[in-house]
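Observations on the three-dimensional arrangement
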2 protein chains.
Amino acid sequence: MDTLTENTGLYTDYYELTMAQGYFLSSKENEQTVFDYYYRTNPYEGGYLIFAGLQDLLQILKNFSYSKENIEFLKKTGLKDEFLEYLKDFKFTATVYSMKEGEIVFPNEPLVRVEGNIIEAQLIETLLLNYLNFQSLIATKACRIRNVIGDKDFADFGLRRAQGLGGIHASRAAVIGGANTTSNVYSAFNYEIPLTGTQAHAWIQSFDYELEAFRRYAEINPDSTVLLVDTYNTLKSGVPNAIIVAKELEAKGYKMIGIRLDSGDLAYLSKKARKMLNEAGLEYVKIIASNQLNEYVIKSLNDQGAQIDGYGIGTELVTGKDAGALDGVYKLVQNNGIPRLKISENIEKITMPGKKKVIRYFDEDGMFFRDGILLENEESTNRLFHPFHSHKHTYVTGFSSEELMSKVMENGKILIENQSPVEINAYVRKRFAQLPDEHKRFISPHIYKVGFSENILSVRDHILMDLRSKIRE
Amino acid sequence: MDTLTENTGLYTDYYELTMAQGYFLSSKENEQTVFDYYYRTNPYEGGYLIFAGLQDLLQILKNFSYSKENIEFLKKTGLKDEFLEYLKDFKFTATVYSMKEGEIVFPNEPLVRVEGNIIEAQLIETLLLNYLNFQSLIATKACRIRNVIGDKDFADFGLRRAQGLGGIHASRAAVIGGANTTSNVYSAFNYEIPLTGTQAHAWIQSFDYELEAFRRYAEINPDSTVLLVDTYNTLKSGVPNAIIVAKELEAKGYKMIGIRLDSGDLAYLSKKARKMLNEAGLEYVKIIASNQLNEYVIKSLNDQGAQIDGYGIGTELVTGKDAGALDGVYKLVQNNGIPRLKISENIEKITMPGKKKVIRYFDEDGMFFRDGILLENEESTNRLFHPFHSHKHTYVTGFSSEELMSKVMENGKILIENQSPVEINAYVRKRFAQLPDEHKRFISPHIYKVGFSENILSVRDHILMDLRSKIRE
């Protein structure tokens, strides 16, 4: 269930509407087009992307429409009556092919393919990019963080620093990528995600004494007590008071869950706190850390032997720092059966024409070996080529393989079953285990090779020659 | 009008609910508290912040409630029946004081003050931070960009790369900070923002020839034609074809608005294109540039004499790159009439206790001189002090001054009139002109001084001493 259910048809850039009007007034509305969604650069200088956001996208495509009020608004923006008449009953009926949500994917391979009339395929460009770019960005960040956290607890604490309502999708994507739980109640309600929470400084400040605040919290929540210990002084006040309360809980037959450190040096404080807890016989009390964490800080804390059992991660997770955005694009690759491309001033922005499929090849250990992009009607290929340097190629004959995209929507109907973020994460984990370690490195990861079939490159080169001759004319 | 109108009470962190339940079960629900919203560090290593997001915040506070379905969900999360019974009829009735939306503000000064019972003041923490942190971040980015663009056109093109639904608030904040227009139809509808748009490569690719695509677009939109000229080759194909179409429009009595460059070197291409257009007598045709722009790139393009008349700015604007988030916090500063603080392990995170007001002092030219933070019941002060180094102080006697916060909500009613983002931007411009230039520098801007009255520091020091003696016990 996505949160944007009204005014869905307005969730777009204005030029999609003026272009759609142009197609309509040029009697192009029945031209059949194919658009590809793909991205060019892995975020975080990493070696992969976790593809996410598909289910939310399909929901909004299903609901995509224009209310009477919307039409009136669009009239005021200058769109013409004949076209607005057409928009009144507009429904998205294109066929959508896609990677599985949670798939590990790589630059330049089509992740989603939309086949439909040129108006419907055009109108949804902005929202498709908005949904998929962001959730993939965050799922990938979460996967990187999970990779250094191992099996410890990892909670999303980001809503307060999320980019406005982006926080709703961020928490979903965080769990797809690897967080166990979220503090975000809205997303937990919307997407079935397990909730988590401790307490804020305000709770402690609202009492005269920290010990009183801790005691009261434990009384009310005896089986889920995590105490925030840094309001006044972590080692001189917070931890000693938490130990008193843990012992009182023990006397009543309860075990305190943990304490939370939220400032200061987490390596130093966690080691000291662990020692104090253990000396009090409280080995089972966990130490949870929060405060400006990311995958690099956690790795460094691990290296220093920090005694942390769980992490609450906010800002850097839900904003996808330092990437901020994924550079995904949505490009027309075929119109009325004719493959199309654009050249642009930047060579790497040349699009790959035609209807394509993506094949993943596996080595003898079942690990990812190469991805190949073929024309949709090619059965198989012997060799995969670099897109620009044809002397760079790899034989893939004999490798086991899997086709990665499948039909997920047709004629307004969603063809896949709804999965919770936790279920999608199970797929991420399975696939992540098949990704060779050298692609997971934070610094200069090995580039996973994505090659093209000879046929697809020859279609491209043919169109390029043709275009260049037209330009010379 | 804000977009989040349902499930508003769930737009929070789970711990706000468990704490609220704790207050309720501890019979603290009528304790009167005061919370301050403030931030600690200017984003983008800049010298100021544009405060934004207030109207959306007041809207969601007005609508803040729990539906029957929400209550059922919360029951499953483990909250207790008595508290859920209380939540059923929950309304936000606290009094809110705030800076004007669009005010230029500085670290550590209260921007919003919430006075209410401890449950209502606590429950809204997360959503207040989520709304204000993000819109202020983006409005500030837009203001920085406007500062280098001067009076030229500046359009927000960001929705496709925005952080999911965060794009809705981003476009609003972009216009508050300085963009003239947006491509985001949803936000234009929601917030009354002027729309803008050109066309995408797909339009051109859907025709056999670029010239045909340009002609057709101009026929349909003769008085709003901006042609994207980089699909095949900017200088050999795009610009020459645009010139043909501009001349054809002239023959029909129309003037083409412009061309858009979206790849390649914008300084080089804009100068060449300007020359070609001028040689064809098309001095009036504007050159619009887009593609990974930010304030630094634009400054550099200006320095190189690029011939650009308008900018479309996306990713970096709507994601607030490189900051990604504003570090705003919401802290309890008074409970039941008693000023409170927290100490934390980081000295700069000590909160400033009590109910406070902010006074801005102006120099003889009407420029911002200092901001002062006083206790709310202090009439005035002679001197402003550094919070930690009391030998650093400034006399402010005789300067003209203005109190910055006012009451904006009371008993569930919004007390300020709704303003459009363009109207709020008028206030930003007025105030920006009063901010001395040295605070506007991109590199090492001068720090604007915010000082405290002697009384407020003595309240703080008194509580600190008291807390330290308790810790020693």
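The name given to chain A in an unreviewed UniProt entry is Nicotinate phosphoribosyltransferase, and the organism recorded there is Labilibaculum euxinus. The heading Catalytic activity (unreviewed entry) in the UniProt record of chain A holds the text "5-phospho-alpha-D-ribose 1-diphosphate + nicotinate + ATP + H2O = nicotinate beta-D-ribonucleotide + ADP + phosphate + diphosphate". We quote the UniProt Function (unreviewed entry) comment for chain A here in full: "Catalyzes the first step in the biosynthesis of NAD from nicotinic acid, the ATP-dependent synthesis of beta-nicotinate D-ribonucleotide from nicotinate and 5-phospho-D-ribose 1-phosphate."

Glancing now at the overall build of chain A. Of regular secondary structure, chain A possesses 16 helices and 21 strands. Dimensions of chain A, computed from the C-alpha atoms along their principal axes, are close to 85 × 55 × 35 Å. A separation threshold of at least 6 residues defines the contact pool for chain A, and within that pool the share at least 24 residues apart is 75%. When the accessible surface of chain A is split by element, carbon and sulfur atoms take 47% of a total near 17,300 Å². Within chain A, one finds 55 positive and 63 negative side-chain charges whose respective centroids are separated by 3 Å.

A word on the UniProt feature "domain: Nicotinate/nicotinamide phosphoribosyltransferase" (unreviewed entry) in chain A. The feature "domain: Nicotinate/nicotinamide phosphoribosyltransferase" (unreviewed entry), as annotated in UniProt, sits at residues 154-351 of chain A in this numbering. Secondary structure over residues 154-351 of chain A splits into 40% helix and 15% strand, and the C-alpha atoms at its two ends are 39 Å apart.

We now examine the UniProt feature "domain: Nicotinate phosphoribosyltransferase C-terminal" (unreviewed entry) in chain A. As recorded in UniProt, the sites labelled "domain: Nicotinate phosphoribosyltransferase C-terminal" (unreviewed entry) are residues 355-457 of chain A. End C-alpha atoms of residues 355-457 of chain A are separated by 13 Å, and the span's content is 16% helix alongside 34% strand.

Time to look at the environment of Gln32 of chain B. Residues and elements named next belong to chain B. Within the element layout of this structure, Gln32 appears in strand E1 (residues 32-38). Sequence-wise, Gln32 and Glu115 are 83 residues apart; in three dimensions their C-alpha atoms are separated by 7.1 Å. Non-local contacts of Gln32, meaning those with residues more than four positions away in its chain, are made with Gly116, Asn117, Gln334, Asn335, Asn336 and Gly337. Separated by 3.3 Å, the side chain of Gln32 and the backbone oxygen of Asn30 make a polar contact.

A separate point is the pattern of salt bridges. One side chain can pair with another of opposite charge once the charged atoms of both are near each other. Residues and elements named next belong to chain A. One pass over the structure, following the stated rule, counts 63 salt bridges over all chains. With its nearest N and O atoms 3.1 Å apart, the salt bridge here joins Asp461 to Arg460. Since its relative accessible area comes to 6%, Arg460 is described here as buried. One salt-bridge network, held together by shared partners, links Glu103, Glu109, Arg360, Asp371, Glu402 and Arg431.

Right, let's talk about the packing of aromatic side chains for a bit. Under the defined criterion, the tally for this structure stands at 40 aromatic pairs over all chains. Taking 5.8 Å as the distance between ring centres and 85 degrees as the angle between the ring planes, the aromatic pair formed by Tyr186 of chain A and Tyr11 of chain B counts as edge-to-face. Of this pair, Tyr186 of chain A sits in helix H8 (residues 185-191) while Tyr11 of chain B is found in the segment before helix H1 (14-25), placing the two residues in two different chains. Given a relative accessible area of 0%, Tyr11 of chain B falls into the buried group. Between the aromatic rings of Phe106 of chain B and Tyr448 of chain B, the centroid separation amounts to 3.9 Å while the plane-to-plane angle is 20 degrees, which identifies the pairing as stacked. With Phe106 of chain B in the loop between strand E4 (104-105) and strand E5 (112-117) and Tyr448 of chain B in the loop between helix H15 (421-432) and strand E21 (450-452), this residue pair connects regions lying 342 residues apart in the sequence. The same class applies to Phe106 of chain B and to Tyr448 of chain B, which are both buried. Grouped by ring-pair contacts, the aromatic residues Phe24, Phe64, Tyr66, Phe83, Tyr86 and Phe90 of chain A constitute a single cluster. Note that Lys255 of chain A overlies the ring of Tyr284 of chain A, its terminal NZ or CZ placed 4.7 Å from the centroid. For the cation-ring pair, Arg370 of chain A lies above Phe369 of chain A, with the distance from its terminal atom to the ring centre recorded as 4.5 Å.

Two elements in contact, helix H10 (residues 210-220) of chain A and H1 of chain B, have axes whose closest approach is 10 Å; the angle formed by their N-to-C orientations is 100 degrees. Taken together, H10 of chain A and H1 of chain B sit at an angle that is classed as roughly perpendicular. Contacts from Arg216, Tyr217 and Ile220 of chain A in H10 of chain A reach Thr18, Gln21, Gly22 and Leu25 of chain B in H1 of chain B. Residue classes in the contact of H10 of chain A with H1 of chain B are distributed as three nonpolar, three polar and one charged.

So, about the layout of surface pockets. All names here are of chain A. The volume enclosed by the second largest pocket comes to roughly 900 Å³. Taken together, 37 residues make up the lining of the second largest pocket; nearest its centre are Pro107, Asn108, His386, Pro387 and Val450. Among the elements of the structure, strand E1 (32-38), strand E15 (368-375), strand E16 (383-385), strand E17 (393-395) and strand E21 (450-452) are those that each provide at least two residues to the lining of the second largest pocket. Grouping the amino acids of the lining of the second largest pocket by side-chain chemistry returns 17 nonpolar, twelve polar and eight charged.

Moving on to the relation of the copies chain B and chain A. For the pair of chain copies, the relating transformation is a rotation about an axis with a translation along it. Relative to chain A, chain B is turned by 180 degrees and slid 0.0 Å along the rotation axis, the superposed coordinates differing by an RMSD of 0.0 Å. Given the turn and translation reported, the copies of this chain are related as if by a two-fold rotation axis. It is Gly166 of chain B whose C-alpha, among those of chain B, lies nearest the rotation axis, at 2.1 Å. The residues that chain B uses at the interface reappear at the interface of chain A in 100% of cases, marking a shared surface.

Another point: the side chain of Glu115 of chain A. All names here are of chain A. Within the secondary structure, Glu115 is located in strand E5 (residues 112-117). Accessibility expressed as a relative area gives 17% for Glu115, which makes it buried. Among the polar contacts made by the side chain of Glu115, one reaches the side chain of Lys355 at a distance of 3.3 Å. Not counting residues up to four positions away in its chain, the partners in contact with Glu115 are Thr33, Val34, Ala94, Thr95, Tyr97 and Lys355.

Calculation criteria
- Sequence order as written defines the numbering, with residues in each chain counted from 1.
- All chains are assigned letters beginning with A, and all ligands numbers beginning with 1, in the order in which they are written.
- Reporting of local features is limited, given that this is a predicted model, to residues whose pLDDT is at least 70; pairs of side-chain atoms are given and counted only at 80 or more, and all residues count toward the totals for whole chains, interfaces and linings.
- Side-chain numbers here rest on the full set of heavy atoms in the structure, without hydrogens or water.
- UniProt positions are given in the numbering used here, feature names are shortened, and annotations may be inferred rather than shown by experiment.
- Helix numbering and strand numbering both begin at the N terminus, where a helix is a DSSP run of H or I of at least 4 residues and a strand a DSSP run of E of at least 2.
- Throughout, a contact is declared for two residues whenever any of their heavy atoms are within 4.5 Å.
- Exposure was quantified through the Shrake-Rupley algorithm and a 1.4 Å probe, taking into account, for residues, occlusion by the shown protein chains and nothing else.
- Two residue types count as positive, namely Lys and Arg, and two as negative, namely Asp and Glu; His and chain ends fall outside the count.
- To locate a charge, take NZ of a lysine, CZ of an arginine, CG of an aspartate or CD of a glutamate.
- By the criterion applied in these results, polar contacts are pairs of N or O atoms within 3.5 Å in which, for protein atoms, one can donate a hydrogen and the other can accept it, and in which residues neighboring in sequence qualify only through two side-chain atoms.
- For salt bridges, the criterion is a side-chain nitrogen of Lys or Arg within 4 Å of an Asp or Glu carboxyl oxygen.
- The cut-offs for exposure are 20% and 50% of the maximum accessible area for each residue type, with area from a 1.4 Å probe on protein chains only; residues under the lower value are buried, those over the upper are exposed, and the others partly exposed.
- Stacked, tilted and edge-to-face are the three classes applied to pairs of Phe, Tyr and Trp rings, where Trp contributes its six-membered ring and a pair requires centres within 6.5 Å; stacked means planes under 30 degrees apart, edge-to-face means over 60, and tilted covers the rest.
- By definition here, charges over rings are those cases where NZ of Lys or CZ of Arg is within 6 Å of the ring centre and within 35 degrees of the ring normal.
- Lines fitted to C-alpha atoms define the axes, with helix axes restricted to the stretch in contact, and inter-axis angles between N-to-C directions lie between 0 and 180 degrees.
- These descriptions rest on fixed angle ranges, namely under 35 degrees for roughly parallel, over 145 for roughly antiparallel, 65 to 115 for roughly perpendicular, and the rest for oblique.
- The classification used treats Ala, Val, Leu, Ile, Met, Phe, Trp, Tyr, Cys and Pro as nonpolar, Asp, Glu, Lys and Arg as charged, and all other residues, Gly among them, as polar.
- Both site types are read off a 1 Å grid over the protein atoms alone. A 1.4 Å probe that fits but cannot get out defines a cavity, while an open set with protein on both sides within 12 Å along at least five of seven lines defines a pocket; lining residues have an atom within 4 Å of a point.
- Grid points are joined across faces, edges and corners, and a volume is the space filled by probe spheres set on the points.
- Copy-to-copy superposition: least squares on the C-alpha atoms, limited to residues that have pLDDT of at least 70 in both copies.

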